[in-house]
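Take a look at the letters that make up each chain.
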Amino acid sequence: MFKVNIVTVGKVKEPYFEAAVNEYKKRLSRFCDLTLTECKEQSLEGVSPDVALERESEELLKKLKGYIVVLAIEGEFLSSEKFAENLQKIKDAKGELSFVIGSSCGLSDKIKNRADLKISFSKMTFPHTLFRVMLFEQLYRAFMISSNAKYHK
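Heads up: these notes are all about the structure in this document. None of these values were measured; they are calculated from a predicted model. (Residues numbered from 1 in each chain as written. Predicted model: local features only at pLDDT ≥ 70, side-chain atom pairs only at ≥ 80, totals over all residues. Heavy atoms only, no water.)

## A look at the pairing of strand 4 (residues 96-101)
- The buried count for strand 4 comes to 6 of 6 residues, which makes it a mostly enclosed element.
- Burial of the side chains of strand 4 extends over both faces: Glu96, Ser98 and Val100 are buried on one face and Leu97, Phe99 and Ile101 on the other.
- For strand 3 (residues 67-77) and strand 4, the ladder comprises 4 bridges, and the chain directions are parallel. Bridged to Val69 within strand 4 is Phe99. (Buried < 20%, exposed > 50% of the residue type's maximum accessible area, 1.4 Å probe, protein only. Helix = DSSP H or I, 4+ residues; strand = E, 2+ residues; numbered from the N terminus. Pairing = 2+ DSSP bridges.)

## Structural notes on helix 5 (residues 128-146)
- Between the first and last C-alpha of helix 5 there are 27 Å, a value that for 19 residues agrees with the 27 Å anticipated at 1.5 Å per step.
- In terms of residue burial, helix 5 counts as a mostly covered element, since 16 of its 19 residues are buried.
- In the stretch just after helix 5, Asn148 is the one whose phi turns positive, near 60 degrees. (Expected span 1.5 Å × (residues − 1).)

## Digging into the sheet that holds strand 3
- With parallel pairing, the 5 strands of this open sheet are ordered in space as 2-1-4-3-5. The sheet is open, and its two edges are formed by strand 2 (33-39) and strand 5 (117-120), each paired on a single side. Adjacent strand axes in the sheet meet at a mean angle of 30 degrees when their direction is disregarded.
- Helix 3 (residues 80-93) rests against strand 3, strand 4 and strand 5 of the sheet, and its axis sits at about 135 degrees to strand 4. (Axes fitted to C-alpha atoms, helices over the stretch in contact; angles between N-to-C directions. Contact = heavy atoms within 4.5 Å.)

## Thoughts on the packing of aromatic side chains
- Following the criterion strictly, the structure yields 7 aromatic pairs and no others.
- Look at Phe83 and Phe99: their rings are 6.1 Å apart centre to centre, the planes differ by 45 degrees, and that puts the pair in the tilted class. Taken together, the positions of Phe83 in helix 3 and Phe99 in strand 4 put the pair 16 residues apart, joining distant regions of the chain. You'll find Phe83 and Phe99 in the same group, each marked buried.
- For Arg27, the ring lying beneath its charged end belongs to Tyr140, and the centroid distance is 5.2 Å. (Phe/Tyr/Trp six-rings, centres within 6.5 Å; stacked < 30°, edge-to-face > 60°. Lys NZ or Arg CZ within 6 Å of the ring centre and 35° of its normal.)

Here's what the structure looks like:
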């Protein structure tokens, strides 16, 4: 089965976001073997954001496997259909994929440079906990598009 890893910084604290993530994890289980890994968000107390990002990157790099997709504001914009097409190509070619969601400070250049693909959902900024729900929904939508189901309109 296709392995999809979601590697993210920080934990979801809001129960409504956690419930949404769990619902999509359940839906996605028929399409992929999904793993969610949460790395510790570094404190900004006494350090610059760059130092915190560098520390987070060390932990993130240990968790990345397969084809690496970094979610970053400077990434490429994709339609849901194009996202589904890319997902299918990665599935066929690599068999394993890791998505990376950064902290509220973003991601270090070290992580961004490691990416096989950088994508952006918008030029807007979103809380990383909400963005996690958005990614799960788009993954579900992509699998539904690829299987010609009626979810996507």
